[in-house]
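Chain by chain, the residues:
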Amino acid sequence: MGTIKFGCLLLLISFGGLRISAQTPQQPKQIVIAASTVLDGKGGVLRDTRIVVEGSKIIRIDPNAAPVNYDLRGLTVSPGWIDSHVHITWSFGPDGKNAGAAGTTPYATYAAAANAWATLLAGFTTVQSVGSPNDIPLRDAIARGALPGPRILTSAEPLFGRNEQSGTPDEIRAFIRKQKEAGADLIKIFAAGSVRRSQMLLSQEQLNAACDEAKKLGLRTLVHAYKDAVRAAVLAGCTQIEHGPLATDDDLRLMVQKGVWLDPQAGLVMENYLLNKERFAATPGYPEEVFPMIKAMIPAYHDFFKQALKIQGLKIVFGSDALAGSHGRNAEEFIDRVRDGGVDPMAAMVSANSVAAEALGIGNQIGSIAAGFEADIIALDGNPIKDITAVRRVVFVMRAGVVYKNNSYKK
Ligand SMILES: [Zn+2]
């Protein structure tokens, strides 16, 4: 990581004797953040304390640490958010129309970099992109500090269910291995169509092969699923269900039993299609007649969210499905979840902090404000627990100890 190096090497010459000590390492510089309200990422709230950062990490929480470098008192401080489901390269083209996620022109490439920057400024310090092979160079450029953006985990090329045409179990296993070799951090699988066309696009046998091979390679599997595909993915040992409407209570209880995560959406992705209708209309996959259907579908997603909340022990993670038009507006999904999905505001916050980090398999590195965690720290003007719309007012963003945004003085 190309984080900022603090201080410099000092050439210290001792005049007291003959000994010349060159390049004595300086004490690593610490950054002290003062805060009056800190959401710890696990559902707890710290009051009137200071967060001490050294390099890319939080090294301690100490109310007496000094001197203060960033005074975030009066704001709400939180771990940077994690969006478990985005399409970071998906953009509008030079003509303003939906250009999908697969573009490789200079225009598409810069648009993807701009999506990453917008996402980071909106308080999202980690995203899981599900995904495109074009994610990989962007992920790597951000990781080495060459571009600003959130930490990216990517699925590279997803496995699109096409029934028999998806291949034999052996062919599917080979496809999964190919993604691993290409640098995928996880595997994305499309196992069903949509709420309207919910039939399975992969057989149980095909799903078994995909999720088993991924597991052998140490990769998690995120499965786009509705209705019967939800149960089939759970039975196949897959890690996480994306979307999920039309699953039954029994299916959801089976998820609890098998420790499978659920990433349902409460609105942003559909609202975004409607908001940017002119830009999506008549582009591949978005015929004119689809928009009234999308609008009509929204209540089904709200109802599914409420259904899922009633299932004891179900692990619900935050994922906005951000695509062209919604990068940088990911936090709108929090508002939808609280306002329309019936989610408790603190649960909504935690679903994008420690719960999401755990789902990503890095719950000991990100998603919490505590000693030893990455210094991914944001501040909001307002308190989202009292007013969820405060998630729109991110005024401070630090990722891995580097400050990318600081409008806190305007508070
Ligand atoms: Zn998606």
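Note: the structure precedes this text.
Residues numbered from 1 in each chain as written. Predicted model: local features only at pLDDT ≥ 70, side-chain atom pairs only at ≥ 80, totals over all residues. Heavy atoms only, no water.

**Student:** Is there a simple way to think about the nonpolar core in this case?
**Tutor:** Here is a general trend for soluble globular proteins: nonpolar side chains tend to be buried in one another's company. If you look at the biggest cluster of nonpolar residues, it comprises 89 residues, and the most contacted ones within it are Trp81 and Phe334. The greatest single-element share of this core, amounting to nine residues, is contributed by helix α9 (residues 290-309). In terms of nonpolar packing, the next biggest core, distinct from the first, is built from 17 residues, Ile33, Ala35, Val38 and Phe396 among them. (Core = buried A, V, L, I, M, F, W, Y, C linked by side-chain atoms within 4.5 Å. Buried < 20%, exposed > 50% of the residue type's maximum accessible area, 1.4 Å probe, protein only. Helix = DSSP H or I, 4+ residues; strand = E, 2+ residues; numbered from the N terminus.)

**Student:** Any chance you could explain the coordination of the zinc ion here in plain terms?
**Tutor:** Ideal geometry at a metal centre: 109.5 degrees between donors when four sit tetrahedrally, and 90 or 180 degrees when six sit octahedrally. Bound to the zinc ion on the protein side are His85 (NE2), His87 (NE2) and Asp321 (OD), at distances that span 2.0 to 2.2 Å. Each donor residue of the zinc ion belongs to the same chain, and together they define the spacing H-x1-H-x233-D. Of the two residues, histidine 85 and histidine 87, neither departs from the other in class, the shared state being buried. (Donors = N, O, S within 2.8 Å, 3.2 Å for Na, K, Ca; no water.)

**Student:** Could you clarify how one ought to interpret the packing of aromatic side chains in this entry?
**Tutor:** Two numbers describe a pair of aromatic rings. These are the distance of the centres and the angle of the planes. The tally for this structure, following the rule as stated, stands at eleven aromatic pairs. When the centroid spacing of 4.9 Å and the interplanar angle of 55° are considered together, the rings of tryptophan 81 and phenylalanine 334 count as tilted. With a gap of 253 residues between them, tryptophan 81 in strand β6 (residues 81-86) and phenylalanine 334 in helix α10 (residues 332-339) connect regions that are remote in the sequence. Relative accessible area serves as the criterion here: at 0%, phenylalanine 334 is assigned to the buried category. (Phe/Tyr/Trp six-rings, centres within 6.5 Å; stacked < 30°, edge-to-face > 60°.)

**Student:** Which parts of the structure should I look at to understand the pattern of salt bridges?
**Tutor:** A side chain of one charge can pair with a side chain of the opposite charge if their charged atoms are brought near each other. Counting across every chain of the model gives 21 salt bridges. Between aspartate 376 and arginine 151 there is a salt bridge; the shortest N-O distance is 2.7 Å. Taken as a pair, aspartate 376 in the loop between α12 (354-359) and β14 (377-380) and arginine 151 in strand β8 (residues 151-154) lie far apart in primary sequence, 225 residues in all. In terms of burial, aspartate 376 and arginine 151 fall into one category: buried. Connected through salt bridges with shared partners, the residues Arg173, Arg177, Asp212, Glu213 and Lys216 form a single ionic network. (Salt bridge = Lys/Arg side-chain N within 4 Å of Asp/Glu carboxyl O.)

**Student:** Would you take a moment to explain the pairing of strand β12 (residues 240-243) for this structure?
**Tutor:** On a regular strand, each side chain points to the face opposite its neighbour's, so the side chains alternate between the two faces of the sheet. Bridge count for strand β11 (residues 220-225) against β12 is four bridges, and the pairing is parallel. Across the sheet, histidine 224 pairs through a bridge with glutamate 242, a residue of β12. Pairing between β12 and strand β13 (residues 261-263): three bridges, direction parallel. When the sheet's bridge partners are listed, glutamine 240 is paired in β13 with tryptophan 261. For the crossover that starts at β12, traverses helix α6 (residues 249-258) and ends in the parallel β13, the hand is right-handed. (Pairing = 2+ DSSP bridges. Right-handed = clockwise from strand over helix to strand, strands pointing away.)

**Student:** How should the state of the cysteines be read in this particular structure?
**Tutor:** Two cysteines form a disulfide when their sulfur atoms are joined by a covalent bond. Enumeration over the complete set of coordinates arrives at one disulfide. Covalent S-S linkage joins cysteine 211 and cysteine 238, the inter-sulfur distance amounting to 2.0 Å. For the disulfide bridge between cysteine 211 and cysteine 238, the dihedral angle about the S-S bond is near 95°, and by the sign convention the bridge is right-handed. One end of the pair, cysteine 211, is in helix α4 (residues 204-216); the other, cysteine 238, is in the loop between α5 (228-235) and β12, with 27 residues separating them in the sequence. Taking relative accessible area as the criterion, cysteine 211 reaches 1% and is therefore assigned buried. (Disulfide = S-S within 2.5 Å.)

**Student:** Where do I start with unusual backbone geometry in this structure?
**Tutor:** With glycine set apart, most residues show a phi of negative sign, and most peptide bonds adopt trans. Cis rather than trans, the peptide bond between alanine 66 and proline 67 has omega equal to -5°. One can find proline 67 in the loop between β3 (57-61) and β4 (70-71). Cis rather than trans, the peptide bond between valine 130 and glycine 131 has omega equal to -15°. Within the fold, glycine 131 resides in the loop between β7 (124-129) and α2 (135-143).

**Student:** I'm lost on the sheet that holds β12 in this one. Help?
**Tutor:** Sheets are built from strands that pair by backbone hydrogen bonding, the pairs being arranged parallel or antiparallel. Read across the sheet, five strands follow the order β9-β10-β11-β12-β13 without closing on themselves; strand pairing throughout is parallel. The sheet terminates laterally at β9 (159-160) and β13, the two strands that pair on one side only. Bridging between β9 and strand β10 (residues 186-190) involves two bridges; their strand directions are parallel. Residue pairing across strands places phenylalanine 160 opposite phenylalanine 190, the latter belonging to β10.

**Student:** So what exactly am I meant to see when it comes to the sheet that holds β8 here?
**Tutor:** Taken in spatial order, the three strands make up an open sheet running β6-β7-β8, and their pairing is parallel. Where the open sheet ends on each side, the last strands, each with one partner, are β6 and β8. With direction set aside, neighbouring strand axes in the sheet form an average angle of 15°. Strands in contact with α2 are β7 and β8; relative to β8, the strand with the most contacts, it is inclined by about 150°. (Axes fitted to C-alpha atoms, helices over the stretch in contact; angles between N-to-C directions. Contact = heavy atoms within 4.5 Å.)

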